[in-house]
Amino acid sequence: MKGKNEIKCGIMKKRTKGILRNALLFLVIFIVVSSVIVTRNLNSLDEIWNFNFARQMAKGLIPYSDFNMIQMPLLPMIASCFLKIFGEQLIVSRILAAFLGTSILFVTYHILKVLKLNIYIRLLSIMVFFLVFQSFFYLDYNFATLLIVLIMLYLELKKRRKVDKLTSYPVFDIIIGFLAGLCVVLKQSTGIIILVMTIGYFILEIRERKDIKICFKIVFYRLIGALIPIISILIYIAANGAWKDFVDYCILGIQTFSNHISYLSLLESGIWYIKVLTILFPACIIMLCLSSFATKNRVMMLITVYGLAQMTMMFPIADASHFLVGSMPIFIGAIYGINLFIAREICQNTKNTFYLFNHLKYTFIGILFVLVIFALKENLSYLKTAKQYTKFNGYRYVRIDDELSDNIYKVDQYIQSTEKTVYILDASAVLYQIPIDKYYKNYDMFLIGNLGSKGEQGQIEQLKKEENRVILIKNDDSPRNWQNPEKVREYIKNNYQKTGEIEQFDIYE
């Protein structure tokens, strides 16, 4: 019979091995993810907008009062701390994005592990998720919300595996509520829905009278947890005198956002796998909902609830990025459902689930090995050439193709050589203003829905008051962002004098 010390030693060794395996897995995923995020060319306005929010906060500016944004400020607040420490450079934001993307895949792997999927199916799944997401990963509040939702789902599944009945654990419920509150202060619109679903889905689990009392306890503790980050952020906003502007941009301003992208537009995407996933997604939702209620599978119901909450992310903008972020928990549920079906109908024994894949383990390991080798090669290639990309402050060590580099240089040269204040009324304005360390509220985030409660008319009225200024707008031959305030653009063309051109911009005074 083993002594207590031997048992403790065995437990410690097992925990140490588990920690090392997880550390190795995280490192491998990070190497692969960073090879597509850190090394990519400068080409995403979403990435630059989010970087600029954090950059402004790092400089001491207050959100809403000093710069216009419509989401809650948690993500730029966190990112700004790293920018203060490591420098106000986009590369810092990209490294954070790599950690964010890695964490999403890492947590997904462990969700599938809790769901008792074969290890090779877990590895295959996160490889597929990586290949699908790789072009869209960047530091963004939608991806941050996805990570929090996946962590919540993981914790709920862990609890459900241990206790398969309605039970209230105050500390656990406060933690879940706190995480749901973080979703709210990342993005208020979807965060509130996630919070409501997180504290409200227990109604579906009520079976007898005593369950009602338990539900009230769960809801109470989760609300307590959620209020911690929400109240903290609201105190920060009020303490900095930004309450009025917060309401104007973050609440009332959203009403001016009239544009949307239909879900069906995804079928017209130029990316073939987006089209395939767009067709499969509704079928997966139906499968999860039916199986949840038909089998009363609590685990399936849990995944379905979190999947439906996260799905709200893709409305009103159902572009490829929002679709992938909003659909991931549902596809995780679909993988779990398919696993259950095959285990029951084909293998007949959960221990042998997907046993056919076991003889392919060397194939999976080989694919992963090749993926890591290519990722290392790309990262090393980037490190060798990174020093040549130091032309623009803010974009140091970020790859920029020659055409865009020349474009930024010429426009910035024009701005700096002009004695008057130069406003670029276009979605790309911040691309040019960052290197020369300038910022103009509203004009540098010139998008419908981001201009406060007065919308486009408010900007027209503001322009009427501006003196000694030059305005740049995209010429008629250049593509404009789908959220471009066209009424303001037409007002400028009809009421100001065109005095020249610089690159793709017309100059008005």
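Residues numbered from 1 in each chain as written. Predicted model: local features only at pLDDT ≥ 70, side-chain atom pairs only at ≥ 80, totals over all residues. Heavy atoms only, no water.

### Re the sheet that holds strand S4 (residues 505-508)
Remark on secondary structure: sheet strands pair via backbone hydrogen bonds, oriented parallel or antiparallel. Strand order in the open sheet formed by four strands is S1-S2-S4-S3, with mixed pairing between adjacent strands. Where the open sheet ends on each side, the last strands, each with one partner, are strand S1 (421-424) and strand S3 (498-502). In this sheet, adjacent strand axes meet at a mean angle of 25° when their direction is disregarded. In this structure, strand S2 (residues 469-474) lies alongside S4, joined through four bridges in antiparallel fashion. Within S4, the position partnered with Leu472 by the bridge is Ile507. (Pairing = 2+ DSSP bridges. Helix = DSSP H or I, 4+ residues; strand = E, 2+ residues; numbered from the N terminus. Axes fitted to C-alpha atoms, helices over the stretch in contact; angles between N-to-C directions.)

### Focus on the nonpolar core
In this structure, Leu42, Leu115 and Tyr395 are the most contacted members of the largest nonpolar core, which totals 150 residues. Considering every element that reaches this core, the biggest residue donor is helix H4 (residues 90-114), with 15 residues. Those residues in contact with Tyr395, other than ones at most four positions away along the chain, are Leu42, Ile48, Gln89, Leu90, Tyr389, Ile400, Ile408, Val430, Leu431, Ile434 and Pro435. Phe446, Ile473, Val488 and Tyr508 belong to the second-largest nonpolar core, a separate cluster that totals 15 residues. (Core = buried A, V, L, I, M, F, W, Y, C linked by side-chain atoms within 4.5 Å. Buried < 20%, exposed > 50% of the residue type's maximum accessible area, 1.4 Å probe, protein only. Contact = heavy atoms within 4.5 Å.)

### Points about the state of the cysteines
For the coordinates displayed, the defined rule picks out zero disulfides. Between Cys183, a cysteine without a disulfide, and Cys250, which holds the nearest cysteine sulfur, the sulfur-to-sulfur distance is 15 Å. The thiol sulfur of Cys289 is not disulfide-bonded, and the nearest other cysteine sulfur, from Cys284, lies at 11 Å. (Disulfide = S-S within 2.5 Å.)

### Describing a nonpolar patch on the surface
On the surface, Phe369, Val370, Ile373, Phe374 and Leu376 cluster together to form a nonpolar patch covering roughly 480 Å² of accessible area. Turning to its location among the elements, Leu376 is positioned in helix H15 (residues 361-385). By relative accessible area, Leu376 is classed as partly exposed at 34%. (Patch = residues over 30% accessible without salt bridge, like charges linked within 9 Å, V, L, I, M, F, W, Y side chains within 5 Å. Areas by Shrake-Rupley, 256 points an atom, 1.4 Å probe, with all protein chains shown as cover. Salt bridge = Lys/Arg side-chain N within 4 Å of Asp/Glu carboxyl O.)

### Things to note about the pattern of salt bridges
Side-chain pairing between opposite charges can occur once the charged atoms of the two side chains come close. The final tally for this structure, using the stated rule, is 19 salt bridges. With its nearest N and O atoms 2.8 Å apart, the salt bridge here joins Arg55 to Asp437. Residue Arg55 is found in helix H2 (residues 45-58), and its partner Asp437 is found in the loop between helix H17 (429-433) and helix H18 (455-465); the two are separated by 382 residues along the sequence. Taking relative accessible area as the criterion, Arg55 reaches 3% and is therefore assigned buried. Given the relative accessible area of 45%, Asp437 is considered partly exposed. Here Arg222 ties to Asp173 by a salt bridge, and the two come within 3.1 Å at their closest N and O atoms. Taken as a pair, Arg222 in helix H9 (residues 209-239) and Asp173 in helix H7 (residues 170-186) lie far apart in primary sequence, 49 residues in all. Both residues of the pair, Arg222 and Asp173, count as buried. Each of the salt bridges in this network shares a partner with another, and the network as a whole consists of Arg55, Lys59, Glu88 and Asp437.

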